[in-house]
Amino acid sequence: MHKIIAANWKMYKDRTEAATTADEIAAALPETLPKDRQIIVFAPFTAIDRVALAFREYKALSVGAQNFYPAVEGAFTGEISVGMLRDVGAEWVLAGHSERRQVFGETDEMVARKAIFALSHGMKTMLCIGETLEEREQGNLYAVLERQLTAFFAARPEGMAGEALVGRLAVAYEPVWAIGTGRVAGPGEVREAHGVTRTLLEKFIGETGKKLPVLYGGSVKPDNAGALIALDNVDGLLVGGASLEAQSFLQIIGA
Ligand code: PEP
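Computed from a prediction, not measured in an experiment: that's the story for all the values here.

Novice: Where do I start with the overall build of the chain in this structure?
Specialist: Each helix and strand in the chain was counted, giving ten helices and eight strands. Taking the principal axes of the C-alpha coordinates as reference, the chain spans close to 45 × 45 × 35 Å. Within the chain, the proportion of its 255 residues that are buried is 53%. When the accessible surface of the chain is summed, it comes to about 11100 Å², and 53% of that surface belongs to carbon and sulfur atoms.

Right under this line is the structure:
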């Protein structure tokens, strides 16, 4: 399985800044990229087309969108469809990022409906799951990940077999307490959560669950990326703050 290194630029960078960073990543890539790596940049909507332009000659580089509304089109003022995102070059979408859940009130059901909609409409989807500090301290890690994944698999239409998700669905385990806080989960915590995630994926889709990449996200930096990616069941990294500078993201890619 290819390791996926994904950048979440959140609500940072205008088009000029995004272009500069994307061009720097693309230019450095031939030297930096280990063969088995796939890179995704989840850019702000206004920069997706420009990042796609920078990445157009590299199969290993893709662009994603951080949000969308799960309808083909319609009277949904202020929203954006997956078709519109594909039109400007997005291949991937994020669903269920903890900032969407916490700041914008997206429920497990809403996240599941969005992820299934995106997959059904040809978008590769990165589904984010993870517990809050309070949930972890109450010993609810398994219960939270199970609840979030159950919502997704329960929303799956009958015709969408587990095999249909391979190469199209990635899961990102992101403990909420480690996102943007500088507090990275320790190796034991990451191993445990990724083991739980893998077990749950296998519970829902059997052996096929082994083929879905599970990424870790939460305060990944150049100096901890190598150790994190070497852990069992860690098939990639989702990087926020440290992906904003091309040099630091490139170091993480090469870790
Ligand atoms: C994220 O936004 O998904 C994230 C993991 O952020 P950070 O790396 O800044 O913690």
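Novice: I would appreciate a short explanation of the nonpolar core in the present structure.
Specialist: Within soluble globular proteins, side chains that are nonpolar generally end up buried alongside one another. In this structure, Trp9, Val51, Phe55, Phe152, Tyr216, Leu237 and Phe249 are the most contacted members of the largest nonpolar core, which totals 72 residues. Beyond its immediate chain neighbours, meaning those up to four positions away, leucine 237 contacts Ile4, Ile5, Ala6, Leu215, Tyr216, Val220, Ala225, Leu228, Ile229 and Ile252. Counting residues in hydrophobic clusters, the runner-up holds twelve residues, among them Trp92, Met126, Cys128 and Leu238.

Novice: It is not clear to me how the pattern of salt bridges should be interpreted in this structure. Could you clarify?
Specialist: Two side chains carrying opposite charge are able to pair once their charged atoms lie near each other. Throughout the structure, instances matching the rule amount to 17 salt bridges. Residues aspartate 23 and arginine 50 are paired through a salt bridge, measuring 2.7 Å at the closest nitrogen-oxygen approach. With aspartate 23 in helix α1 (residues 15-32) and arginine 50 in helix α2 (residues 48-55), the pair connects residues that are 27 residues apart, well separated along the chain. With a closest N to O distance of 2.7 Å, lysine 211 and glutamate 163 form a salt bridge.

Novice: Could you clarify how one ought to interpret the pairing of strand β6 (residues 169-173) in this entry?
Specialist: Each regular strand carries side chains that alternate between the two faces of the sheet. In terms of burial, β6 is largely enclosed, as five of its five residues are buried. Burial along β6 is two-sided: the residues Leu169, Val171 and Tyr173 and Ala170 and Ala172 are all buried. Across three bridges, β6 lies against strand β7 (residues 214-217) in parallel orientation. Bridged to tyrosine 173 within β7 is tyrosine 216.

Novice: So what exactly am I meant to see when it comes to the site of the ligand here?
Specialist: In the vicinity of the ligand, 14 residues are found, and the nearest of them are Lys10, His97, Glu174, Gly180 and Ser219. Contact distances for the ligand include 2.8 Å between an oxygen atom and a side-chain N or O atom of glutamate 174. In this structure, an oxygen atom belonging to the ligand sits 2.6 Å away from a main-chain N or O atom of glycine 180.

Novice: Where do I start with the packing of aromatic side chains in this structure?
Specialist: What describes a pair of aromatic rings is the distance from one ring centre to the other and the angle between the planes of the rings. By the definition in use, this model includes four aromatic pairs. Residues tyrosine 69 and phenylalanine 76 carry aromatic rings whose centres are separated by 4.6 Å and whose planes lie at 35° to one another, so their mutual orientation is tilted. With relative accessibility at 26%, the residue tyrosine 69 sits in the partly exposed group. With relative accessibility at 35%, the residue phenylalanine 76 sits in the partly exposed group. Here lysine 13 stacks its cationic end above the ring of tryptophan 9, 5.1 Å away from the centre of that ring. The side chain of lysine 114 reaches across the aromatic face of phenylalanine 68, ending 5.3 Å from its centre.

Novice: I keep staring at the packing of helix α5 (residues 108-120) against helix α7 (residues 141-154) and nothing clicks. Help me out?
Specialist: The relative placement of two packed helices is expressed as an angle between their axes plus a distance between the axes. Two elements in contact, α5 and α7, have axes whose closest approach is 8 Å; the angle formed by their N-to-C orientations is 45°. On the basis of their axis angle, the class for α5 and α7 is oblique. Classified by chirality, the crossing of α7 by α5 is right-handed. Along the contact surface, α5 presents Asp108, Glu109, Ala112, Ala115, Ile116 and Leu119, while α7 presents Arg147, Gln148, Ala151 and Phe152. Here the residues of the contact of α5 with α7 sort into six nonpolar, one polar and three charged.

Criteria and thresholds
Residues numbered from 1 in each chain as written. Predicted model: local features only at pLDDT ≥ 70, side-chain atom pairs only at ≥ 80, totals over all residues. Heavy atoms only, no water. Helix = DSSP H or I, 4+ residues; strand = E, 2+ residues; numbered from the N terminus. Buried < 20%, exposed > 50% of the residue type's maximum accessible area, 1.4 Å probe, protein only. Areas by Shrake-Rupley, 256 points an atom, 1.4 Å probe, with all protein chains shown as cover. Core = buried A, V, L, I, M, F, W, Y, C linked by side-chain atoms within 4.5 Å. Contact = heavy atoms within 4.5 Å. Salt bridge = Lys/Arg side-chain N within 4 Å of Asp/Glu carboxyl O. Pairing = 2+ DSSP bridges. Near = heavy atom within 4 Å. Polar contact = N/O pair within 3.5 Å; in protein donor to acceptor, adjacent residues only side chain to side chain. Phe/Tyr/Trp six-rings, centres within 6.5 Å; stacked < 30°, edge-to-face > 60°. Lys NZ or Arg CZ within 6 Å of the ring centre and 35° of its normal. Axes fitted to C-alpha atoms, helices over the stretch in contact; angles between N-to-C directions. Parallel < 35°, antiparallel > 145°, perpendicular 65-115°, else oblique. Left-handed = near helix turned anticlockwise from the far one by under 90°. Nonpolar A, V, L, I, M, F, W, Y, C, P; charged D, E, K, R; others polar.

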